[in-house]
Amino acid sequence: MNLLTEFKEAVVIAWAALRANKMRAGLTTLGIVIGIVTVTLMGSAIAGLNATFKRSISGIGADVLYIQRFAWFMSESEWRASRNRRELTRQHARDIERLSDMARAVGVESNGNGTVEFERRRARGVFVAGNNEHCLDVRGLSLTAGRWLSASDVQVGRPVCVIGSYLAEKFFPFGGALGSKVKLNDMPYEVIGILEKQGSFFTGANLDNQIVIPITRFTDNFSRWPDLTISVKVRDPAQMENAKEELTGILRKLRRVAPDQPDDFAINQQDALVSFFNRVGGTIAAVGLFITGLSLFVGGIGIMNIMFVSVAERTKEIGIRKAIGAKRRTILVQFLVEAATITFLAGLLGLAIAWPLTLVVDRYLAADMPWWLVAVALLVSILTGVISGFIPAWRAARLDPVEALRAE
Amino acid sequence: MSLIRIQDLTRRYVMGSETVHALRGVSLSIGKGEYIAIMGPSGSGKSTLMNLLGCLDTPTTGTYELNGTNVADMDDNALAEVRNREIGFVFQSFNLLPRSDALHNVELPLIYAGVPVDERREKARQALTNVGLADRTHHKPNELSGGQRQRVAVARALVNNPSIVLADEPTGNLDSRTGEEILALFETLSRRGNTIIVVTHEEDVAQHARRIIRIRDGLIAADEVNPNPRAAMKLESAQA
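Rules used throughout
- Residues numbered from 1 in each chain as written.
- Chains lettered and ligands numbered in written order.
- Predicted model: local features only at pLDDT ≥ 70, side-chain atom pairs only at ≥ 80, totals over all residues.
- Heavy atoms only, no water.
- Helix = DSSP H or I, 4+ residues; strand = E, 2+ residues; numbered from the N terminus.
- Rg over C-alpha atoms; globule rule 2.2 N^0.38 Å.
- Buried < 20%, exposed > 50% of the residue type's maximum accessible area, 1.4 Å probe, protein only.
- Contact = heavy atoms within 4.5 Å.
- Areas by Shrake-Rupley, 256 points an atom, 1.4 Å probe, with all protein chains shown as cover.
- Lys, Arg positive; Asp, Glu negative; His and termini not counted.
- Charge placed at Lys NZ, Arg CZ, Asp CG, Glu CD.
- Pairing = 2+ DSSP bridges.
- Axes fitted to C-alpha atoms, helices over the stretch in contact; angles between N-to-C directions.
- Buried area = accessible area lost by both parts, 1.4 Å probe.
- Salt bridge = Lys/Arg side-chain N within 4 Å of Asp/Glu carboxyl O.
- Nonpolar A, V, L, I, M, F, W, Y, C, P; charged D, E, K, R; others polar.
- Domains from an automatic or database assignment.
- pLDDT = per-residue confidence, 0-100.
- Polar contact = N/O pair within 3.5 Å; in protein donor to acceptor, adjacent residues only side chain to side chain.
- Core = buried A, V, L, I, M, F, W, Y, C linked by side-chain atoms within 4.5 Å.
- Expected span 1.5 Å × (residues − 1).

Glancing now at the overall build of chain B. The helix and strand tally for chain B stands at seven helices and 10 strands. Its C-alpha radius of gyration of 18 Å places chain B within 12% of the 18 Å reference for a compact globule of 240 residues. Each principal axis of the C-alpha atoms in chain B carries an extent, and together these give about 50 × 40 × 40 Å. Evaluated residue by residue, chain B yields a buried proportion of 56% over its 240 residues. Long-range contacts, defined as pairs at least 24 residues apart, comprise 69% of the intrachain contacts of chain B with a sequence gap of at least 6. For chain B, the exposed area adds up to about 10300 Å²; of that, 45% sits on carbon and sulfur atoms. Both charge centroids of chain B, one from 27 positive and one from 30 negative side chains, sit 2 Å from each other.

See below:
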């Protein structure tokens, strides 16, 4: 109760003191404003990166295991040791389909880049995916028109394709895509389906600039040495670890790996990507926030300086207040509140500047300003005030009333 | 039962290599409702005595009982509470907060005492009315005359019903007419039972008190009853 009264009084005093020294308070605030702007922008860039990453890895299903020759993240020595592994084949995929109880669908994929043409229009750097009939389910895709590759398309390697929404708009702005023939590296493919719009991956790749052809076509016409990925969608996402074990057993048997030998294949999953991103992203965030935090630190020193001036100027006032009955705590709270008020206002101003900047940055780089970032920024600015105001406030609180009253 | 009982009070200051004996052993007893002047030339130790009486400072040796409690070796925070509750200060240079209006200045001791806002507004307004400033509540100190400022200070000193009003050269910064007004106010307060201690070096001011204590070289040189205290001229503005 008493403390609350003191606190209210302190806010009133702080406000009056700031109004009496508008120019000075404004200039001091500047350091904190800049600090808060940089820290907030850094935070919003990190938040934006995280959000984009989360959105894009949802394309890599959390319930999908990717059987590949290599692990996604390897040290150099690991890579050297696994360089000569045998390839994975479509036969492996068929065997897994037959032997596995835990797999719901088994996809076969291989990817590349190519040029796609239709009449006189041309798209370069198109993401070319060789898929089998199960990839629609495994990759979690959906179609806006037409159909997906059928089992027989894949079996006999029919020259058909499913195109991404970007390609569909580019080549067929007035419709009529289905049934038309586009050329992929000079080979004609009939369009049988159009994918739903997906947006871009966090690496910047445009997933709608994509063409899907039967994996058999892909291995025959597109790439001589395809690196096949067998993507297994697991029936029960809670059973990922068990599924991994089952698949390991099946593959070791299929590939005749001796019991004393390590696996000659890798089973990758989204987790690996997430943990890799978290590690890298965490480092970037720590370093970035540290560097931008320095500017806040400099601003804090400015606050400390101005609070020393404020205490010195108001020694007489402190004396009067003490004579009338202000305790040490009261004076301490008064000056802490004053410092925190300055930095809180600076924080608000900083956010007001950072917010439109975030919108600008967002046009080039993913940036996001979630509410918690706003809360953290304000909390940090108040804390900066309290911390940098503490020594001056403490000095004020300990002033001898007789001495203080004598001051002019 | 005396309000203030002082025994062998000394106060030394160490200034570099020199030790200054500001008070060399003062014993004194002051009863409730007294109107006292403490007199002495500068350097006599009267300011030191005032600081000790006002609990702004603690003695080097000796005891000081205020209202039955020994305040001689209390710490900073405890003294702040005693000052808030027991003592109302009136200073030579008024010592009002320049950025606050009269009402807020008078409210201040109540804020530190933790009095709820409605009650303290009411009390502060009443205190200002008692010193004749009911129509000046929202004036800042620089919008008031010297005499009005000192009356705000008196209102502030009285608002918390302290045991003692301690005035340090209360008329020093006022012209003689306004000074008389303040002294008249003190007389009124004294008649109503307030204990008033005025520290001054002006004989004229001291003659208004009913008891005069003279300090010289850190000791009490004289402590006598004033047989016929001078009455301050009547004034109309401070209706009490």
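Next comes the rest of the account.
Residues and elements named next belong to chain B. Overall, antiparallel pairing links the four strands, which are arranged β2-β1-β4-β5 in an open sheet. Each having just a single partner strand, β2 (18–31) and β5 (69–70) make up the two edges of the open sheet. Direction of pairing for strand β1 (residues 2–15) relative to β2: antiparallel, over a ladder of 11 bridges. Bridge assignment links R12 to a residue of β2, and that residue is H21. Here helix α1 (residues 46–53) sits on the sheet in contact with β1, β2 and β4 (61–66), set at roughly 125° to β1.

Each side of the interface is counted separately: chain A has 24 residues, and chain B has 25 residues. Considering only the side of chain A, the residues that lose the most area to chain B are E9(A), I324(A) and K327(A), jointly responsible for 24% of the buried surface there. In this assembly, chain A and chain B are joined by four salt bridges. Residue K327(A) pairs with E81(B) through a salt bridge whose shortest N-O separation is 3.2 Å. Those elements that place two or more of their residues in the side of chain A that touches chain B are α1 (2–20), α11 (315–324), α12 (328–361) and α14 (401–406) of chain A. With seven residues, the single largest contributor to the side of chain A that touches chain B is α11(A). Taken together, the residues of the side of chain A that touches chain B break down into 11 nonpolar, four polar and nine charged.

Here the focus is the domain arrangement of chain A. Per the domain assignment, the segments of chain A are domain 1 (2–56 + 275–406) and domain 2 (86–264). Its C-alpha centre places domain 1 of chain A at a distance of 54 Å from the equivalent point of domain 2 of chain A.

Let us look at the pairing of strand β1 (residues 64–68) of chain A. All names here are of chain A. Along β1, five of the five residues are buried, which leaves the element largely enclosed by surrounding structure. Alternating residues of β1 divide into V64, Y66 and Q68 and L65 and I67, and every residue in both groups is buried. Strand direction decides the pairing type here: β1 and strand β9 (residues 229–234), joined by four bridges, are antiparallel. Paired with Y66 across the strands is S231, a residue of β9. Bridge count for β1 against strand β10 (residues 266–269) is four bridges, and the pairing is antiparallel.

Attention now goes to the confidence of the model for chain A. Any segment with low pLDDT has predicted coordinates that should not be analysed in fine detail. In this model, chain A carries a mean pLDDT of 88, and residues with pLDDT of at least 70 account for 98%. The least confident element of chain A is helix α3 (residues 76–82) of chain A, whose mean pLDDT is 82; the most confident is strand β5 (residues 160–163) of chain A, at 95.

Here the focus is the environment of R86(A). Residue and element names in this part refer to chain A. Locating R86 in the fold gives a position in the loop between α3 and α4 (90–99). Judged by its relative accessible area of 46%, R86 falls in the partly exposed class. Along the backbone, R86 and R69 are 17 residues apart, and their C-alpha atoms lie at a distance of 7.5 Å. In terms of polar contacts, R86 uses its side chain to reach the side chain of D264, at 2.9 Å.

This brings us to the pattern of salt bridges. When the charged atoms of two side chains with opposite charge come close together, those side chains can pair. Taken as a whole and judged by the stated rule, the model has 37 salt bridges over all chains. R328(A) serves as the salt-bridge partner of D76(B), at 2.9 Å between the closest nitrogen and oxygen. With D76(B) in helix α2 (residues 76–86) and R328(A) in helix α12, this pair bridges two chains. On the basis of relative accessible area, R328(A) is assigned to the partly exposed category, the value being 26%. The partner of E34(B) in a salt bridge is R211(B), with the nearest N and O atoms 3.1 Å apart. Pair noted here: E34(B) is in the loop between β2 and β3 (35–39) and R211(B) is in strand β9 (residues 211–216), with a separation of 177 residues, a long-range link. Since its relative accessible area comes to 12%, R211(B) is described here as buried. In this structure, a network of salt bridges that share partners links the residues E9(A), R314(A), E317(A), R321(A), E338(A) and R99(B).

Further remarks concern the pairing of β9(A). Residues and elements named next belong to chain A. A large share of β9 lies buried, amounting to six of its six residues. With burial as the criterion, each face of β9 is covered, one bearing T229, S231 and K233 and the other bearing I230, V232 and V234. As defined by bridge partners, strand β2 (residues 103–118) adjoins β9 across six bridges and the pair is classed as antiparallel. For A103, the partnering residue across the bridge sits in β9 and is V234.

Moving on to the sheet that holds strand β8 (residues 195–200) of chain B. Residues and elements named next belong to chain B. Across the sheet, six strands lie side by side as β6-β7-β8-β3-β9-β10; this open sheet has mixed pairing. The open sheet has two edge strands, β6 (87–90) and β10 (219–225), and neither has a second partner. Each strand of the sheet is rotated relative to its neighbour by a mean of 20°, with strand direction disregarded. Across four bridges, β6 lies against strand β7 (residues 164–168) in parallel orientation. Within β7, the position partnered with I87 by the bridge is I164. Each of β6 and β7 touches α2; the most contacted strand, β6, lies at about 80° to it.

Bringing the nonpolar core into the picture now. I4(B), I38(B), L53(B), Y64(B) and L66(B) are the most contacted members of the largest nonpolar core, which totals 63 residues. A per-element tally of this core places α12(A) first, with seven residues.

The next point concerns α1(A). For α1(A), which comprises 19 residues, the first-to-last C-alpha distance of 27 Å matches the rise-based estimate of 27 Å (1.5 Å per residue) to within 8%. For α1(A), the set of buried residues is T5(A), E6(A), E9(A), A10(A), I13(A), A14(A), A17(A) and L18(A). Residues of α1(A) that are buried sit in contact with α2 (22–57), α11 and α12 of chain A together with α3 (102–113) and α4 (117–130) of chain B.

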